[in-house]
Amino acid sequence: MLRNRQLTIPPTVNFTLSNINAMKFFKTTLFFLVPFFLAHASFSQHYFFSTWSIEQGLSQSVVNCIFQDSKGYIWAGTQHGLNKFNGSNFEIFTFSPKDSNSISNNWVYSIDEDKNGNLWIVTKNGLNQFIRNGKRFQRMQLNSGFQNNVNDYAYDAIASRKGKIIINMTPILALYDPETKKITYYNSNIEYDGSVKDNKIPLLEDASGLIWMGSTKGLASFDPETGKFTQYLYHPLNPNTLSNNNITALFEDKNKNIWIGTSLGLNLLNKSNGTIKRFYNHPGNPFSLSNNFIRAITEDRSGNLWIGTEGGGLNKLTGPMTGSPVFETFTSEINGLSHNIVNALFIDRSENLWIGTLQGISKTDLKKPKFCLYRNNSSPYSVNLLGNVIAAIYKDDDGKIWIGNWGQGLNILDRKTGQVEHFSTRLTKNHHIINDFVHVIFQDSDKRIWIGTRDGILIYNKEKKSFIPFNDFFRNPSLPDLRGYRINNIIRDKRENYYVATQNGLIRFNLKDGSAQRFTTHSEDHQKLSGNLVYSILEDHLGLIWISTSNGLDVYNPATSGMTHFKKVEGSVNSISDNFVISLCEDHSGNIWIGTGSGVNKFDRKDSSFICYSHENGFPNDQIFDILEDDNYTLWFTTGSGLFRLDVAKGFNSFYPDSLNDNRYLPEIVITAFTKTNRDGKMD
């Protein structure tokens, strides 16, 4: 667990808005990592999407189906070719009229694998078995004897648990036995639709062994034991029937419910009584289904249902199935999905969700992240912050989180209720504050909370639940007038002196005796600062005050009233690496760590020298915005390119928070190629 402390952004560091968000995300997550995980149930996980399309080697951008085989490869069927993805490269299989061992057609409807590891692929020209050893396809001849010619039009094939291949040739259902090479055909008596479709018509084998067969004219379940079909059709006067007869997706969840996607709504079938509950898009409800045309359905390990729609992007369904379930929507415009037409969904053994769209493949990691992002957005689990650019954060004694926004005010989050109290220049009465740039949140020894802004300091009056300007609160004319000062940092030393870092020097005062002193570049020689822009202040275990400025590092000794300066010396490897000093931290051993614009420095008290660590030593970036030590004596650094962790005893790690996930699935190792070099180092 990390120790409580105020966190601020250096006021004149140059970075983009996205970098500010990233930096504060790392800081805030570290700050209340454990507390927020305890209350995480009321907040949504954020998903980041990676995309592969033609530019990354996919044979064609329209992805109709996705599947992971027993060896761990991802297969994607498109409108022009079958793709095998090894995590880096695509291997493409296409139809060749001169090669009878090629796939029967480039338009791929579906992919599945039987218990023996054989792949079965349905195209616009029938069913194919992929022979792995020879990388060839064996085309299956289908002849149902049905009065209409449906022989060439299989729309889906799945491998049953008993080893048979089930084929949807709507209205014909075919069962193929790979061992006996025998095909048995069953007529569902669903109305025949002679038109050729561009998307698969789904099949499903449920946990009880029933086979569910979709069509454009309704749904049928087939009992292999009796050979009988049961039909489910739309009836306009009966709301307990299907919402539409055009069946576009089928899925059985962990609770044995059957989910039915149609071109006009999502349906939940109760198998015990045959009734159906419908779900629709409601234009006035942003948390209803985003689009009524359903293309794909799957379920993650947490029981969340994921639904791909035709034009409405991706939906995540959480909560109970009674009342008003919540549909969370992910789109190309807001979330970076490759396209809002989602044709296929598949969750692999590493809990990655693969999404086939009109513009390629998107992928997101569904594992619960160790770092979570909390922000105000369109999610139903959004945190009601005034803004998403965070400048300061603090946890008070009641467990509430105080969040200072960059230019938009202050938020106080009650983690128990999820409610957020706002303070801003735009609000009135008790919720009014004089400045919206909240850079510092600080609690003194008397439990008073101070906030530092671009216009001085405000003190929180807990009884009145309002903020009072510093000088009005203490009413001591001897104290400095802090109006107009930009406050970057506040500390209180062992002598009960307060130090305030500003854009125009360092201010020290004592509330009891009213004494005050200002340190600037124009102070007397033995007390002058290296620079007036002061970012951070630290009191070490010896009582020395460390001061980071934009023009060097200073150390003030209250006992002697003297100031020591440390500046970069060109050509010296033992001086501080940069005069632009941003952050300070003392570790449990008394070492001082100094973050600069050119790496982090460790101060050696023995000879007053510095050891510099930078990107050459593994840091992701040389700009060090903040440094923090946790209770395990691990140092954490926020940089311009991510978070960095340094275990002084064991070495260091660099990572991005969205990569910190446990992978329970250990993929099979497959050697796909090797090269050999001769004694001269050249390839044989």
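Reading the values: the criteria
- Residues numbered from 1 in each chain as written.
- Predicted model: local features only at pLDDT ≥ 70, side-chain atom pairs only at ≥ 80, totals over all residues.
- Heavy atoms only, no water.
- Helix = DSSP H or I, 4+ residues; strand = E, 2+ residues; numbered from the N terminus.
- Buried < 20%, exposed > 50% of the residue type's maximum accessible area, 1.4 Å probe, protein only.
- Contact = heavy atoms within 4.5 Å.
- Areas by Shrake-Rupley, 256 points an atom, 1.4 Å probe, with all protein chains shown as cover.
- Pairing = 2+ DSSP bridges.
- Axes fitted to C-alpha atoms, helices over the stretch in contact; angles between N-to-C directions.
- Core = buried A, V, L, I, M, F, W, Y, C linked by side-chain atoms within 4.5 Å.
- Phe/Tyr/Trp six-rings, centres within 6.5 Å; stacked < 30°, edge-to-face > 60°.
- Lys NZ or Arg CZ within 6 Å of the ring centre and 35° of its normal.
- pLDDT = per-residue confidence, 0-100.
- Salt bridge = Lys/Arg side-chain N within 4 Å of Asp/Glu carboxyl O.
- Polar contact = N/O pair within 3.5 Å; in protein donor to acceptor, adjacent residues only side chain to side chain.

As a further point, take the overall build of the protein chain. Within the protein chain, the regular secondary structure consists of four helices and 53 strands. Residues counted as buried form 54% of the 684 residues belonging to the protein chain. A sequence separation of at least 24 residues applies to 49% of the contacts in the protein chain between residues at least 6 apart. Total accessible area on the protein chain stands at roughly 30,600 Å², and carbon and sulfur atoms take up 47% of it.

The next thing to look at is the sheet that holds strand S40 (residues 505-510). In space, the four strands of this open sheet follow the order S38-S39-S40-S41, with antiparallel pairing throughout. Of all the strands in the sheet, the pair left with one neighbour each is strand S38 (487-492) and strand S41 (516-519). Put simply, the sheet's adjacent strands are angled 15° from each other on average, direction ignored. Relative to strand S39 (residues 497-502), S38 is paired through five bridges, and the arrangement is antiparallel. Residue pairing across strands places isoleucine 487 opposite threonine 502, the latter belonging to S39.

This part covers the nonpolar core. The biggest cluster of nonpolar side chains holds 25 residues, and the ones touching the most others in it are Ile66, Trp75, Leu82, Ile111, Ile121 and Ile361. Elements with a contribution of two residues or more to this core: strand S3 (63-68), strand S4 (74-78), strand S5 (81-85), strand S6 (90-93), strand S7 (108-113), strand S8 (119-123) and strand S27 (342-347). Counting residues per element, this core draws most heavily on S3, which supplies four residues. In this structure, leucine 82 is in contact with Trp75, Ala76, Gly77, Glu91, Ile92, Phe93, Ile103, Val108, Ile111, Ile121 and Phe137, ignoring residues within four places of it in sequence. Core analysis: the next-biggest nonpolar cluster, separate from the first, contains 19 residues, Tyr109, Tyr155, Met169 and Ala174 among them.

Once that is clear, we can look at the packing of aromatic side chains. Across all of its chains, the model carries 48 aromatic pairs by this definition. Ring plane angle 55° and centroid distance 5.2 Å describe the contact between tyrosine 109 and tyrosine 155, whose orientation is recorded as tilted. Of this pair, tyrosine 109 sits in strand S7 while tyrosine 155 sits in the loop between strand S10 (136-140) and strand S11 (156-159), and the two are 46 residues apart along the sequence. Each residue in the set Phe442, Trp450, Phe470, Phe473, Phe474, Tyr498 and Phe509 is aromatic and connected to the rest through ring pairs, giving one cluster. Here lysine 84 stacks its cationic end above the ring of tyrosine 73, 4.1 Å away from the centre of that ring. Here the basic side chain of arginine 454 rests over the ring of phenylalanine 437, its NZ or CZ set 3.7 Å away from the ring centre.

This part is about the sheet that holds strand S34 (residues 440-443). Spatially, four strands are ordered S34-S35-S36-S37 in an open sheet, and the strand pairing comes out antiparallel. Either end of the sheet is taken by a strand with one partner, and the two such strands are S34 and strand S37 (466-469). Adjacent strand axes in the sheet meet at a mean angle of 30°, parallel and antiparallel pairs treated alike. Two elements, S34 and strand S35 (residues 449-453), share four bridges in a ladder whose sense is antiparallel. The residue bridging glutamine 443 from the neighbouring strand is isoleucine 449, located in S35.

Summing up the model confidence of the protein chain, the mean pLDDT is 88 and the portion of residues at 70 or higher is 87%. Every residue in residues 1-5 is under pLDDT 50, and counting partners more than four places away or in other chains gives 24 contacts. Low pLDDT, under 50, characterises residues 7-43; the predicted model gives this stretch 96 contacts beyond four residues in sequence or across chains.

This part is about the pattern of salt bridges. Per the counting criterion, the structure on display carries 24 salt bridges. For glutamate 351, the salt bridge identified is with arginine 301, shortest N-O distance 3.0 Å. You can see glutamate 351 sitting in the loop between S27 and strand S28 (352-357) and its partner arginine 301 sitting in the loop between strand S23 (294-299) and strand S24 (305-309), a full 50 residues away along the chain. In this structure, arginine 426 engages aspartate 436 in a salt bridge whose closest nitrogen and oxygen atoms are separated by 3.2 Å.

Quick look at the side chain of glutamine 68 now. With respect to the helices and strands, the residue glutamine 68 is situated in strand S3. Looking at glutamine 68, the relative accessible area reads 7%, which means it is buried. Here the side chain of glutamine 68 touches arginine 349 through a polar contact of 3.0 Å, landing on its backbone nitrogen.

Take glycine 484: it is sitting in the loop between helix H4 (470-474) and S38. Every residue in contact with glycine 484, bar those within four places of it in the chain, is listed here: Arg454, Asp455, Gly456 and Gln503.

A few words now on unusual backbone geometry. Here the amide bond leading from threonine 170 into proline 171 is cis, since omega sits at 10°, within 30 degrees of zero. Turning to its location among the elements, proline 171 is positioned in the loop between strand S12 (165-169) and strand S13 (172-177). For tyrosine 633, which is not glycine, the phi torsion reads 65° and is therefore positive. Here tyrosine 633 is to be found in the loop between strand S50 (624-629) and strand S51 (634-639).

Our focus in this paragraph is the environment of serine 263. By secondary structure assignment, the location of serine 263 is in the loop between strand S20 (258-262) and strand S21 (265-269). A C-alpha to C-alpha distance of 6.4 Å links serine 263 and asparagine 292, two positions 29 residues apart in sequence. Apart from residues lying up to four places away in sequence, serine 263 is in contact with Asn244, Asn246, Thr248, Asn292 and Phe293.

Moving on, we come to the side chain of threonine 262. Along the chain, the position of threonine 262 falls in strand S20. Owing to a relative accessible area of 0%, threonine 262 belongs among the buried residues under this scheme. At a separation of 3.2 Å, a polar atom in the side chain of threonine 262 contacts the side chain of serine 243. Contact partners of threonine 262, with chain neighbours within four places excluded, come to Ser243, Asn244, Asn246, Ile247, Thr248, Asn267, Asn292, Phe293 and Ile294.

Moving on to the pairing of strand S18 (residues 228-232). Bridge count between strand S17 (residues 218-223) and S18: five bridges; the pairing is antiparallel. When the sheet's bridge partners are listed, phenylalanine 222 is paired in S18 with phenylalanine 229. Counting the residues that bridge the hairpin from S17 to S18 gives four residues, and of these glycine 227 lies at a positive phi of roughly 75°.

Taking burial as the measure, the six residues of strand S9 (residues 126-131) include five buried ones, the bulk of the element. Here S9 runs beside S10; their pairing, made up of five bridges, is antiparallel. Bridge pairing links phenylalanine 130 to phenylalanine 137 in S10. Here S9 hands over to S10 after four residues, with lysine 135 in that stretch at a positive phi of 50°.

You can see isoleucine 624 is positioned in strand S50. For isoleucine 624 and threonine 596, which are 28 residues apart along the polypeptide, the C-alpha to C-alpha distance reads 5.6 Å.

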